[in-house]
Amino acid sequence: MEESKLQDLLNEMTLEEKVGQLTQVFGQPYLDDNYEVTGPMSFLAVPSELVPVAGSILGASGAESTRKIQDVYLEKSRLKIPLLFMADVIHGYKTIFPIPLGIGASWNPDTAVKTAKISAVETAVSGIHVTFSPMVDLVRDPRWGRVMESTGEDKFLNEQFAEAFVRGYQGDSYSDPYAIASCVKHFAAYGAPEGGRDYNTVNMSERQLREDYLSAYQAAIDAGTELVMTSFNVVDGIPSTGNRWLLKDLLRDEMGFEGVVISDWGAVKEMIPHGVAADEKEAALKALNATNDIEMMTFTYHRYAKDHIDAGHVDEKLIDESVMRILKLKNKLGLFENPYRAASQDDEKDLIFSDAHRQTALEVAEESMVLLKNDSVLPLEDNGQTVALIGPFAEGEDMLGAWSWKGEAETASSLHASLKSALTSGNVLYAKGSAITETTEEWMEEAVKAASEADVVIMALGESAEMSGEAASRSDITLPQSQADLLKKIAELGKPIATVLFNGRPLDLNTVEPYSDAILEAWFPGTEGGEAVANVLTGKTNPSGKLPMSFPESVGQIPVYYNHYNTGRPAEEREEGRYASRYLDVSNYPKYAFGYGLSYTSFDYSKVTLSNDIMTSDETIEVSVTLTNTGNRVGQEVVQLYIRDLVGEVVRPMKELKGFRKVQLNPGESKKVSFTLSEDMLIYVHQDLTEKADAGEFDVFVGASSLAEHSGRFSLKK
Ligand code: NOJ
């Protein structure tokens, strides 16, 4: 439809129809004539008058169902404005890719583009138009279960992935029927809940919000994301969904977002328990005036918007603007011409979970894995040796992880079967040893027997899928006790042990590291997880992932992240004596640092050169290093560039990631890797909230992780 016609359509709408567009409901009332919700879930019951006017649907899927819902709706509705279908397709629809934290560990934004594109195809043919992804919240606390949905603790890395995910989902144009709209979330700062407890208070200065937390959302907006979802938390004491400063002044006016804002599930009504609204009516008032367009799964707009307009507390113009944004999105997606868009049962059969999609799932899973430790155990050689494979993830346990909605854990490749076929000449003995949180004497004995007959032991351990994701915060982030006991018992046999970890967050590895000669972090690797792990264990694939989030030494250090500030009493400068910023019982440093990850080959970094030691507003500096593969396998290395601003108006982080390159080298091969540093990369948020770079000195660090050594210094002259 021509965009000018949308105004005519809006003019034709009654207030009830307009407010209907602003409400998102379940698909059930359209599929079931006797639809009724009773009992404790009755608060979810869609009011019957809303059924013919609602604007969008949450969580319906499948071409048959979504077409039916659309048909029933169009028949009931007066103006026949098609419904928009939205759902949580987070790391794949049916073909499940590694969790986003694993995708972040690839340090290769192309993996996000590829996986999002495939997710979009599978999602589109099932009749869904919008995915609630990417989640780009900066995260620093692994107790928070939702770190698995993010790409980690660094804003620069998150920006690259935010842009890549949006590009992958949305493609170049909606004339491609398999492109879907993306919804970046959760605006804002949802990733900083106190104590790592989900939905908890977030408390930070506006300066910090601007400096660390906003840029990844901005990257998604600049990439053209169509929607933004509000967060459950407060921002400066006001829940995001009712925070006009946040949604209107900052997001729309300053950050330039022109699309649709949707509340998180029930977040409008949650303003009541938050204690900023006395009742549903006041909650609606706050959300509407904050310019939150769509209310997800509660009905306060439907019930009270009219009263607020009649009373003059909400300007109808605000409602019109919200409706227009929604109509524009529906129009962009071509729904007025074809309300089913790509929904097709034939295409579902052909395209969903196709071999090609699974092949990408395999490659991305391999690329997401991080080798944390390797004392000459891996890769496993196919030399006739006997391998014991032990643990809940060897077979049967869900490798898809949380937010896998349509994924079927049983269809994922099994580690046991994959390892057996990879090690053709040897013998693979299998024993479960333990379930996720419990074991039996018999299981333990079987495991000890298998290990004692083996030359090398692979332990496949981790968290269950339910232990991370939404509402899955943990105060203790070690392995469940039964698995720790199992590992310890097996270690008593003195066999070489490689532990593969399946988990949705950085763990405290105190019960793993001392008993493992090698540790491979596999995250929740998805549909092809078993085969991907087997390929990495046997060296068919050389691991190249790097940590997107620090692994703490102990939970008491949290938050522990690489780009922290210095203190006035740095421990490093006061080795003796008490009055330094340190713990009495643990170091200040994580067990495994941000950016860290090993390979089966080794890399040598040459001396780093800077093209100049003075930077001006017009003159950039080239930072170069020559990387050599000094081992005997092909391998990929992520060369990382960090800077430190030595003196600022506001304290500056010890290191800040400013660039990275993933480079593949053959044995003996060398490559020059260069980065260009310019003044805009040195900008930070000052006390008065202006953004600028200060003249002065900067240290440069280039290397294989955030532990990179000091490599040079330059001055910015202004
Ligand atoms: C709540 C979650 O916070 C959000 O991420 C998700 O998209 C919505 N529920 C919809 O399921």
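Please refer to the structure higher up on the page.
Nothing here was measured: the structure is a model prediction, and the numbers come from that model. Every chain's residues receive numbers from 1 upward, in the order its sequence appears when written. Given that the model is predicted, a residue must reach a pLDDT of at least 70 before its local features are reported, and side-chain atom pairs must reach 80 or more before they are shown or counted; all residues, however, enter totals for whole chains, interfaces and linings. With hydrogens and water set aside, each side-chain value is computed from the structure's full complement of heavy atoms.

Caption draft 1: Quick look at the site of the ligand. Each residue is tested against the molecule or strand, and it is near if at least one of its non-hydrogen atoms lies within 4 Å. D88, F132, R146, K185, H186, M229, F232, D264, W265, M296, W403 and E470 make up every residue found near the ligand. Contacts described as polar in this section are N or O atom pairs within 3.5 Å, which, within protein, must combine one atom able to donate a hydrogen with one able to accept it, while residues neighboring in sequence count only if both atoms come from side chains. D88 is positioned such that a nitrogen or oxygen atom in its side chain is 2.4 Å from an oxygen atom of the ligand. Residue K185 places a side-chain N or O atom 2.9 Å away from an oxygen atom belonging to the ligand. With the chains in place, 94% of the 290 Å² that the ligand exposes on its own is no longer accessible. The Shrake-Rupley method, run with a 1.4 Å probe, gives the accessible areas here. Residue values count only the displayed protein chains as cover.

Caption draft 2: Focus on the side chain of R474. On the secondary structure map, R474 appears in the loop between β14 (456-462) and α18 (481-491). Of the polar contacts made by the side chain of R474, one reaches the side chain of E463; its length is 2.8 Å. Within the local environment of R474, its side chain forms a polar contact with the backbone oxygen of D476, the two atoms lying 3.1 Å apart. Residue contacts are defined here by distance: any two heavy atoms, one from each residue, within 4.5 Å place the two residues in contact. Contacts of R474, omitting those with residues within four sequence positions, involve R143, E463, M467, R505 and L507. A run of H or I in DSSP becomes a helix once it reaches four residues, and a run of E becomes a strand once it reaches two; helices and strands are each numbered from the N terminus.

Caption draft 3: The packing of helix α7 (residues 155-170) against helix α8 (residues 206-222), seen in detail. Direction vectors running N to C along α7 and α8 enclose 20 degrees, while the axes themselves pass 7 Å from each other. Judged by the angle between their axes, α7 and α8 are roughly parallel. The handedness of the crossing between α7 and α8 comes out as right-handed. Counting all contacts with α7, which are made through K155, N158, E159, A162, E163 and V166, the residues of α8 involved are E211, D212, S215, A216, A219 and A220. Charged residues are taken to be Asp, Glu, Lys and Arg, nonpolar residues to be Ala, Val, Leu, Ile, Met, Phe, Trp, Tyr, Cys and Pro, and polar residues to be all remaining types, Gly included. Taken together, the residues of the contact of α7 with α8 sort by class into five nonpolar, two polar and five charged. Axis angles are defined between N-to-C directions and span 0 to 180 degrees, where every axis is a line fitted to C-alpha atoms and, for a helix, only to the segment in contact. Throughout, the term roughly parallel applies to angles under 35 degrees, roughly antiparallel to angles over 145, roughly perpendicular to angles from 65 to 115, and oblique to all others. Left-handed is the label given to a crossing in which the near helix is rotated counterclockwise from the far helix by less than a right angle, and right-handed is the label when the rotation is clockwise.

Caption draft 4: Quick peek at the environment of Q7. Summarising the element assignment, Q7 is placed in helix α1 (residues 3-12). Taking the C-alpha atoms as reference, Q7 lies 10.0 Å from K328; in sequence the two are 321 residues apart.

Caption draft 5: Local environment of a negative patch on the surface. Only residues whose relative accessible area exceeds 30% and that take part in no salt bridge are eligible for patches, with like-charged residues grouped when within 9 Å of each other and nonpolar side chains (Val, Leu, Ile, Met, Phe, Trp, Tyr) grouped when within 5 Å. In the sections that follow, a salt bridge refers to a side-chain nitrogen of Lys or Arg positioned within 4 Å of a carboxyl oxygen of Asp or Glu. Positive charges are assigned to Lys and Arg, negative charges to Asp and Glu, while His and the chain termini are left out of the count. Taken as the charge location is NZ of Lys, CZ of Arg, CG of Asp or CD of Glu. Together, E441, E442, E445 and E446 give the surface a local cluster of negative charge. By secondary structure assignment, the location of E441 is in helix α17 (residues 441-452). Any residue under 20% of the maximum accessible area for its type is buried, any over 50% is exposed, and the rest in between are partly exposed; the area is computed with a 1.4 Å probe on protein chains only. The exposure class assigned to E441 is exposed, which follows from its relative accessible area of 64%.

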